[in-house]
Amino acid sequence: LNDAPYQKFPSNTRQYFSANANTNPLMYNWNVAYTRYCDGGSYANNLDHPIVVPSSNVSLWFRGHRILIAILDDLLTNQAMMNATDIVIAGCSSGGLSVYLNLDFMAEYIRNKTARSNIKIMGIADSGFFYNFDGPANFSRAM
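Presented here is a report on the structure given in the accompanying data block. (Residues numbered from 1 in each chain as written. Predicted model: local features only at pLDDT ≥ 70, side-chain atom pairs only at ≥ 80, totals over all residues. Heavy atoms only, no water.)

## Quick notes on the pattern of salt bridges
Stage number 1. A complete count under the given rule lists three salt bridges for this structure.
Stage number 2. For the salt bridge of Arg 66 with Asp 48, the shortest nitrogen-to-oxygen distance reads 2.4 Å. Highlighted residues: Arg 66 in helix α1 (residues 64–78) and Asp 48 in the segment before β1 (51–53), separated in sequence by 18 residues.
Stage number 3. Residue classification places Arg 66 among the partly exposed positions, given a relative accessible area of 32%.
Stage number 4. The exposure class of Asp 48 is exposed, given its relative accessible area of 51%.
Stage number 5. For Lys 113, the salt bridge goes to Asp 73, with nearest N and O atoms at 3.8 Å. With Lys 113 in helix α2 (residues 94–114) and Asp 73 in helix α1, this pair connects stretches of sequence that are 40 residues apart. (Salt bridge = Lys/Arg side-chain N within 4 Å of Asp/Glu carboxyl O. Helix = DSSP H or I, 4+ residues; strand = E, 2+ residues; numbered from the N terminus. Buried < 20%, exposed > 50% of the residue type's maximum accessible area, 1.4 Å probe, protein only.)

Now the structure itself:
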């Protein structure tokens, strides 16, 4: 998709979304909707009210789950994902964590919105696992 707000996927960054049939024989000609990670919380938060930082009186809004729903609704309604038969939801780094946290919700949401339970929905969580690293001296305990 080349329509705003979706951006062209950065070339040569993830081979599983390559448009080259030799590199990616399964999905080379599939549509791709690339969204930038924008909420800082892996689309997992859903607070009704902001958190106010007392020292600066700055309001921080944590509504990533609502952003995720808006993205899915737009893809289904305006970008023809309603007719998809196979959907791959992928992310790398924090986006990979988002896949881990949200894939089940997204699959259920898409199936409910389309009223089709037979859509194949899969996830690729590329490097989205973060462990508690306490420094080199404690490396063996962290693994």
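The rest of the description comes next.
## So, the pairing of strand β4 (residues 120–126)
Stage number 1. Pairing of strand β3 (residues 86–92) with β4, which is carried by seven bridges, proceeds in the parallel orientation. Across the sheet, the residue bridging to Gly 91 is Ala 125, located in β4.
Stage number 2. Read from β3 through α2 to β4, the crossover connection turns out right-handed. (Pairing = 2+ DSSP bridges. Right-handed = clockwise from strand over helix to strand, strands pointing away.)

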